[in-house]
Amino acid sequence: TSPGFVNWRPRVALRNYRWGCRTIWKWRLKRVRRGCAWARRFSAADGPCWDLRDGTYALTIGYHAPPPGAPTGVADYADTLLSALRESARANVAIERDAVRADLHVYHLGNNRLHAGIYARAVETPGVVVLHDAVLHHFMLGALSPEQYVDEFVYNYGEWSRHIGEELWRERAGSAVDPRYFRYAILRRVAEAALAVIVHNPGAAAMAREHGARNVH
């Protein structure tokens, strides 16, 4: 192996994440007034005030992903990225796994039920969503009851689509190969809630926007 590729994963993950975060903060700063109040506007309820301009206050980032060793590639990616972020973060920035309270939360989401708790938290306490799979349909099939699944399908695609959702639930045994399950991403609830969505390719970006994401990188 070439020495230049020995640490490719931390470098690539950190470069992509930094680009997304720079864009997100640039977008935020254009839309809110200076001073501590602008930070609170995008922070968790009753969170501490912080100011990135002079480093006076500590910034806590809640980091939510499947734990290392979990049977999903998202766990490996997120753990590699977390190590790289901690090595490069400023001294007054804390990045905490599964933090209950934080100034900003980052959620790593993939298309399986291992992400159920992370998804619920991302909807309840909006933050930055790193969308590793543009389609969350199979996650919904594994995490929801029949009634919940159909209701979620209707929330995404309208009441007129209820019969489609019911049909897809009945025929879910073939969801791994049936193209219909990849046509409906079922992203709307988390995409609408997110402060920003980070994706890996233009196709995923388009899908996120189609489902209500306003700030996609």
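Residues numbered from 1 in each chain as written. Predicted model: local features only at pLDDT ≥ 70, side-chain atom pairs only at ≥ 80, totals over all residues. Heavy atoms only, no water.

## Thoughts on the environment of Val93
Inclusion rule: Every helix listed is a DSSP run of H or I at least four residues long, and every strand listed is a run of E at least two residues long, numbered separately from the N terminus. Using a 1.4 Å probe on the protein chains alone, a residue whose accessible area is under 20% of its type maximum counts as buried, one over 50% counts as exposed, and one in between counts as partly exposed. Contacts were defined at the residue level, with two residues in contact if any of their heavy atoms lie within 4.5 Å.
Mapping Val93 onto the fold places it in strand 2 (residues 93-97). In this structure Val93 comes out as buried when scored by relative accessible area, which is 18%. As for Val93 and Thr60, which are separated by 33 residues in sequence, their C-alpha atoms are 5.9 Å apart. Every residue in contact with Val93, bar those within four places of it in the chain, is listed here: Leu59 and Ile61.

## A short note on the sheet that holds strand 5 (residues 196-198)
The cut-off we apply is this: By the convention used here, strands pair only if DSSP detects at least 2 bridges between them. Fitted lines through C-alpha atoms give the axes, limited to the stretch in contact for helices. The angle between two N-to-C directions lies from 0 to 180 degrees.
In space, the 5 strands of this open sheet follow the order 2-1-3-4-5, with parallel pairing throughout. Sheet topology places strand 2 and strand 5 at the edges, where each strand pairs with a single neighbour. Taking each pair of neighbouring strands and ignoring which way they run, the sheet shows an average axis angle of 20°. Note that strand 4 (residues 128-131) and strand 5 share 3 bridges and pair parallel. Note on strand 5: the bridge partner recorded for Val128 is Ala196. Contacts from helix 3 (residues 73-88) reach strand 1 (59-64), strand 2 and strand 3 (104-109), with the element oriented near 160° to strand 2. This element, helix 4 (residues 116-124), spans strand 1, strand 3 and strand 4 of the sheet and lies at about 140° to strand 3.

## Side note on the nonpolar core
It is characteristic of soluble globular proteins that their nonpolar side chains tend to be buried jointly. Put simply, the test is: In this description, a nonpolar core means a group of buried Ala, Val, Leu, Ile, Met, Phe, Trp, Tyr and Cys residues linked to one another through side-chain atoms lying within 4.5 Å.
Of all hydrophobic cores here, the largest spans 36 residues; its most connected members are Tyr149 and Phe153. Contributions of two or more residues to this core are made by strand 3, helix 4, strand 4, helix 5 (137-143), helix 6 (146-157), helix 7 (162-170), helix 9 (188-193) and helix 10 (202-210). With 5 residues, the top contributor of residues to this core is helix 6. Leave out the neighbours within four places in its chain, and Tyr149 touches His137, Met140, Leu141, Leu144, Gly165, Leu168, Trp169 and Ile186. Leu59, Val130, Leu195 and Ala196 belong to the second largest nonpolar core, which has 17 residues in total.

## Comments concerning the environment of Phe182
Tracing the backbone through its elements, the reader meets Phe182 in helix 8 (residues 180-183). The sequence separation of Phe182 and Leu136 amounts to 46 residues, and the corresponding C-alpha distance is 8.7 Å. Apart from residues no more than four positions distant in its own chain, Phe182 is found in contact with Val135, His138, Ser175 and Ala176.

## Brief notes about the pairing of strand 1
Of all 6 residues that make up strand 1, 6 are buried, and the element is covered over most of its length. By the alternation rule, side chains of strand 1 split into Leu59, Ile61 and Tyr63 and Thr60, Gly62 and His64, which are all buried. Two elements, strand 1 and strand 2, share 5 bridges in a ladder whose sense is parallel. In the sheet register, Thr60 faces strand 2, and the bridge partner there is Ala94.

## Some details on the packing of aromatic side chains
Cut-off, in case you're wondering: Within 6.5 Å between ring centres, the rings of Phe, Tyr and Trp (the latter by its six-membered ring) count as paired, and their orientation is classed by plane angle as stacked under 30 degrees, edge-to-face over 60, tilted in between. Only lysine NZ and arginine CZ atoms are considered, and such an atom sits over a ring when it is within 6 Å of the ring centre and within 35 degrees of the ring normal.
One pass over the structure, following the stated rule, counts 6 aromatic pairs. Measuring from ring centre to ring centre gives 6.3 Å for Tyr149 and Phe153, while their planes differ by 40°; the resulting arrangement is tilted. One end of the pair, Tyr149, and the other, Phe153, are both in helix 6, 4 residues apart, so they sit about a helical turn from each other. Residue Tyr149 shares its accessibility class with Phe153, and that shared class is buried. Centre to centre, the rings of Tyr157 and Tyr184 are 5.1 Å apart; their planes meet at 70°, and the pair counts as edge-to-face. Of the two residues, Tyr157 sits in helix 6 while Tyr184 sits in the loop between helix 8 and helix 9, which places them 27 residues apart along the sequence. For the residue pair Tyr157 and Tyr184, the accessibility class agrees, reading buried in each case. Of note, Arg172 hangs over the ring of Trp169, and the distance from its end group to the ring centre comes to 4.2 Å. When the ring centre of Tyr155 is taken as origin, the NZ or CZ atom of Arg189, which lies over that ring, is 3.9 Å away.

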